[in-house]
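So the chains spell out like this:
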Amino acid sequence: MIIHGFGAREASLETQLKLQGVTPFFIPKTRQIHSDIVMRMTSRVSDLVVEADAFVTTEPGVVCAVRTADCVPILMWDAH
């Protein structure tokens, strides 16, 4: 199942996922740093906060999420 969307700052990502029936899930904590760094996210990510500007995963249940202010987020999906 692929779910994407946009939410409000006040809305919890965890709550939004539960409302859409996505369980279980793992949400790595991320901080954008305006770089060219791409991180592969897995449920084994152990850093408290991952610093990068692009996040990818092939693991079901791992959520790639980004919060933006004046930057435009780009969401991509590959079915293969």
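Everything numeric here is computed off the predicted structure, so don't read it as measured data. (Residues numbered from 1 in each chain as written. Predicted model: local features only at pLDDT ≥ 70, side-chain atom pairs only at ≥ 80, totals over all residues. Heavy atoms only, no water.)

Colleague: Please clarify how the pattern of salt bridges should be interpreted in this entry.
Modeller: Pairing between side chains of opposite charge can happen when the charged atoms of each approach one another. Scanning the entire structure with this criterion turns up one salt bridge. Arg-31 is paired through a salt bridge with Glu-51; the nearest N and O atoms lie 2.9 Å apart. Placement of the pair is Arg-31 in strand S1 (residues 30–31) and Glu-51 in strand S3 (residues 50–51), with a sequence separation of 20 residues. A residue is classified by how much of its surface remains accessible, and Glu-51, at 40% relative accessible area, is partly exposed. (Salt bridge = Lys/Arg side-chain N within 4 Å of Asp/Glu carboxyl O. Helix = DSSP H or I, 4+ residues; strand = E, 2+ residues; numbered from the N terminus. Buried < 20%, exposed > 50% of the residue type's maximum accessible area, 1.4 Å probe, protein only.)

Colleague: I tried to follow the nonpolar core on my own but got confused; where do I start?
Modeller: Where a protein is soluble and globular, its nonpolar side chains tend to be buried together. Grouped together as the largest cluster of nonpolar side chains are five residues: Met-41, Val-50, Ala-52, Phe-55 and Val-62. Here Val-62 is in contact with Phe-26, Pro-28, Met-41, Thr-42, Ser-43 and Thr-57, once residues within four sequence places are set aside. (Core = buried A, V, L, I, M, F, W, Y, C linked by side-chain atoms within 4.5 Å. Contact = heavy atoms within 4.5 Å.)

Colleague: Teacher, can you tell me more about the environment of Val-66 here?
Modeller: Along the chain, Val-66 falls in the segment after strand S4 (54–56). Setting aside chain neighbours within four positions, we find Val-66 in contact with Gln-32 and Pro-73.

Colleague: It is not clear to me how the confidence of the model for the protein chain should be interpreted in this structure. Could you clarify?
Modeller: The predicted coordinates should not be examined in detail at positions where pLDDT is low. Averaged over every residue, the pLDDT of the protein chain is 79; residues scoring 70 or more account for 88%. Averaged over each element, pLDDT in the protein chain is lowest for helix H1 (residues 13–19) (80) and highest for strand S2 (residues 38–40) (89). (pLDDT = per-residue confidence, 0-100.)

Colleague: Explanation requested: unusual backbone geometry in the structure shown.
Modeller: Both trends apply: most residues other than glycine have a negative phi, and most peptide bonds are in trans. Backbone geometry places His-34, a non-glycine residue, at a positive phi of 55°. Tracing the sequence through the fold places His-34 in the loop between S1 and S2.

Colleague: I keep staring at the side chain of Thr-42 and nothing clicks. Help me out?
Modeller: Position of Thr-42 relative to the elements: it lies in the loop between S2 and S3. There is a polar contact of 3.1 Å between the side chain of Thr-42 and the backbone nitrogen of Arg-44. Among residues more than four places away in sequence, those in contact with Thr-42 are Phe-26, Glu-59 and Val-62. (Polar contact = N/O pair within 3.5 Å; in protein donor to acceptor, adjacent residues only side chain to side chain.)

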